[in-house]
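So the chains spell out like this:
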Amino acid sequence: MQTKVKRNTKGFKRLPLGPHGGVQLLLIQSVADLGKQGQVVEVKRGYALNYLIPQGLATIATEHHQRMVEKHKAKLQQIEMARQAELRTYATEIAKQSITIEANATEDGHLYGSVGATEIVAALKKNDIHLHADQIRLEGVLKELGLYTVKIRLSSEVDGEVKVWVVPTVAAD
């Protein structure tokens, strides 16, 4: 004799209900204003059936799915820790460097223009260090000749610094 799975009138399995009467889902991806990847959330039935599940953003909250997400999170965390370690090594390597930027200046040492993040990135690129201008953290543009310690943000957790020499342009006679 076969046992039948209790189904609702439309022929689908019932969705697990949460304590507030909504549907409990496990988020596969982070959803703005709802939760982060791996969280179990409770949403209205229509939102679950018409948007979250069809878009692949969530699945039914079963123990099996939660274990899979936890394994995936652990693997992503290991990858992120390795990446952060590489960035720390890179920051140490950058800190050993010093770059020189030539700029037109008055005899008092004031620059006619200024040195900003784009000039620093271009000088770093000559030393085979590839950064973006938004990773350079200047408190303002450099307007005088001299030695500056410029902060660099490689990630949200890894910061570094580089020494920047701003020197007067040597005129070729």
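Up top is the structure.
Reading the values: the criteria
Residues numbered from 1 in each chain as written. Predicted model: local features only at pLDDT ≥ 70, side-chain atom pairs only at ≥ 80, totals over all residues. Heavy atoms only, no water. Helix = DSSP H or I, 4+ residues; strand = E, 2+ residues; numbered from the N terminus. Buried < 20%, exposed > 50% of the residue type's maximum accessible area, 1.4 Å probe, protein only. Contact = heavy atoms within 4.5 Å. Areas by Shrake-Rupley, 256 points an atom, 1.4 Å probe, with all protein chains shown as cover. Pairing = 2+ DSSP bridges. Axes fitted to C-alpha atoms, helices over the stretch in contact; angles between N-to-C directions. Core = buried A, V, L, I, M, F, W, Y, C linked by side-chain atoms within 4.5 Å.

## Comments concerning the overall build of the protein chain
Working step 1: When you go through the protein chain residue by residue, the secondary structure sums to 3 helices and 9 strands.
Working step 2: Secondary structure elements of the protein chain, listed N to C terminal, follow the sequence β-β-α-β-α-β-β-α-β-β-β-β.
Working step 3: For the protein chain, buried positions account for 29% of its 173 residues.
Working step 4: In the protein chain, the proportion of contacts linking residues at least 24 apart, taken out of those at least 6 apart, comes to 47%.
Working step 5: Surface summary for the protein chain: the accessible area is close to 12600 Å², and the carbon and sulfur share equals 51%.

## Some words on the sheet that holds strand S1 (residues 23-27)
Working step 1: Spatially, S2-S1-S3 is the arrangement adopted by the 3 strands of the open sheet, whose pairing is antiparallel. If you trace the sheet from one side to the other, it starts and ends with strand S2 (40-43) and strand S3 (58-60), each paired once. Neighbour-to-neighbour, the strand axes of the sheet open up by a mean angle of 45°, direction not taken into account.
Working step 2: Direction of pairing for S1 relative to S3: antiparallel, over a ladder of 3 bridges. Residue pairing for S3: leucine 27 is matched across the bridge by alanine 58.
Working step 3: Relative to the sheet, helix H2 (residues 63-95) contacts S1, S2 and S3, its axis offset from that of S1 by approximately 25°.

## Thoughts on the side chain of glutamine 84
Working step 1: Relative to the helices and strands, glutamine 84 resides in helix H2.
Working step 2: The class of glutamine 84 is buried, set by a relative accessible area of 4%.

## Examining the nonpolar core
Working step 1: Core analysis: the biggest nonpolar cluster contains 24 residues, and Val115, Ile120, Leu124, Leu131, Ile136, Leu154 and Val164 have the highest contact counts within it.
Working step 2: Within the residue set of this core, elements represented by two or more residues are H2, strand S4 (98-103), strand S5 (110-115), helix H3 (117-126), strand S8 (146-153) and strand S9 (159-168).
Working step 3: Here this core takes 5 residues from H3, the largest share from any one element.
Working step 4: Setting aside residues up to four positions removed in sequence, leucine 131 forms contacts with Tyr90, Ile94, Val121, Leu124, Ile136, Ile152 and Leu154.
Working step 5: Among the nonpolar cores identified, the runner-up in size contains 10 residues, and Val23, Val43, Leu52 and Leu57 belong to it.

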